[in-house]
Amino acid sequence: MAHFSSRDLCPLVKNILLLDSEGKRVAVKYYSDDWPTNSAKLAFEKSVFTKTLKTNARTEAEIAMFENNIVVYKFIQDLHFFVTGSDDDNELILASVLQGFFDAVALILRNNVDKNEALENLDLILLCIDEIVDGGMILETDASTIAGKVASHSIDAAAPLSEQTLTQALATAREHITRSLLT
């Protein structure tokens, strides 16, 4: 009987990076020991950013081989989204992780995707990353599902409207309207 490890059946994400237009960190999460120190991680981020800077990955995702890794990336405004996998991982699966992250962030930020908005909602973006990948294992790639889970974590919908902030109350109202339109 053949023995399959989870690594054989499911590609693992090595990291998810969200960098600004200067290559500085906005939100990053590493799942691999390929970069054991913070300086190694920063060096990887800088070199990936430098290599991809001149490409035009604004309309659709681009794929690059870099240091025996597959890097799938896409840009919007002043944000650069990256997903890294092993060189033997399926590029299409990594691209679906990237697209799910990209679209979920756009949903969370209400299509106002830029560095300032991302920094103001950094907690939601980090939750988004956690909903997509856990320990390198891909959990979800559907943007609306990811954004819905993040919204449910960030808002206590059971709290009375008088105890919610204006933003939370608007988000709760939007969620109720969306649900009523979809059913």
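Above: the structure in question.
Residues numbered from 1 in each chain as written. Predicted model: local features only at pLDDT ≥ 70, side-chain atom pairs only at ≥ 80, totals over all residues. Heavy atoms only, no water.

A. Focus on the side chain of Asn121. Here Asn121 shows up in the loop between α4 (115-120) and α5 (122-132). Only 3.0 Å separates the side chain of Asn121 from the backbone oxygen of Glu117, close enough to count as a polar contact. (Helix = DSSP H or I, 4+ residues; strand = E, 2+ residues; numbered from the N terminus. Polar contact = N/O pair within 3.5 Å; in protein donor to acceptor, adjacent residues only side chain to side chain.)

B. Quick peek at the packing of aromatic side chains. Scanning all chains against the criterion turns up eight aromatic pairs. Ring centres of Phe81 and Phe101 lie 5.3 Å apart, and the angle between their planes is 70 degrees; on these two criteria the pair is classed as edge-to-face. Taken together, the positions of Phe81 in strand β5 (residues 79-86) and Phe101 in helix α3 (residues 91-108) put the pair 20 residues apart, joining distant regions of the chain. Centre to centre, the rings of Phe81 and Phe102 are 5.0 Å apart; their planes meet at 65 degrees, and the pair counts as edge-to-face. Note that Phe81 is positioned in strand β5 and Phe102 in helix α3, a separation of 21 residues in sequence. Take Phe102: its relative accessible area is 9%, and that puts it in the buried class. Put simply, the rings of Tyr30, Trp35, Phe44 and Phe66 touch in pairs and so form one group of aromatic residues. The lysine or arginine in question, Lys74, covers the ring of Phe102, its NZ or CZ lying 4.2 Å from the ring centre. (Phe/Tyr/Trp six-rings, centres within 6.5 Å; stacked < 30°, edge-to-face > 60°. Buried < 20%, exposed > 50% of the residue type's maximum accessible area, 1.4 Å probe, protein only. Lys NZ or Arg CZ within 6 Å of the ring centre and 35° of its normal.)

C. Region of the structure containing the packing of α3 against α5. Between α3 and α5, the least distance of the axes is 10 Å, while the angle of their chain directions is 145 degrees. Helix-helix and strand crossings are classified by hand; for α3 and α5 the assignment is right-handed. Counted together, Val97, Gly100, Phe101, Ala104, Val105 and Ile108 of α3 and Leu124, Ile125, Cys128, Ile129 and Ile132 of α5 form the full contact between these two elements. Residues belonging to the contact of α3 with α5 are distributed by class as follows: ten nonpolar, one polar and no charged. (Axes fitted to C-alpha atoms, helices over the stretch in contact; angles between N-to-C directions. Left-handed = near helix turned anticlockwise from the far one by under 90°. Contact = heavy atoms within 4.5 Å. Nonpolar A, V, L, I, M, F, W, Y, C, P; charged D, E, K, R; others polar.)

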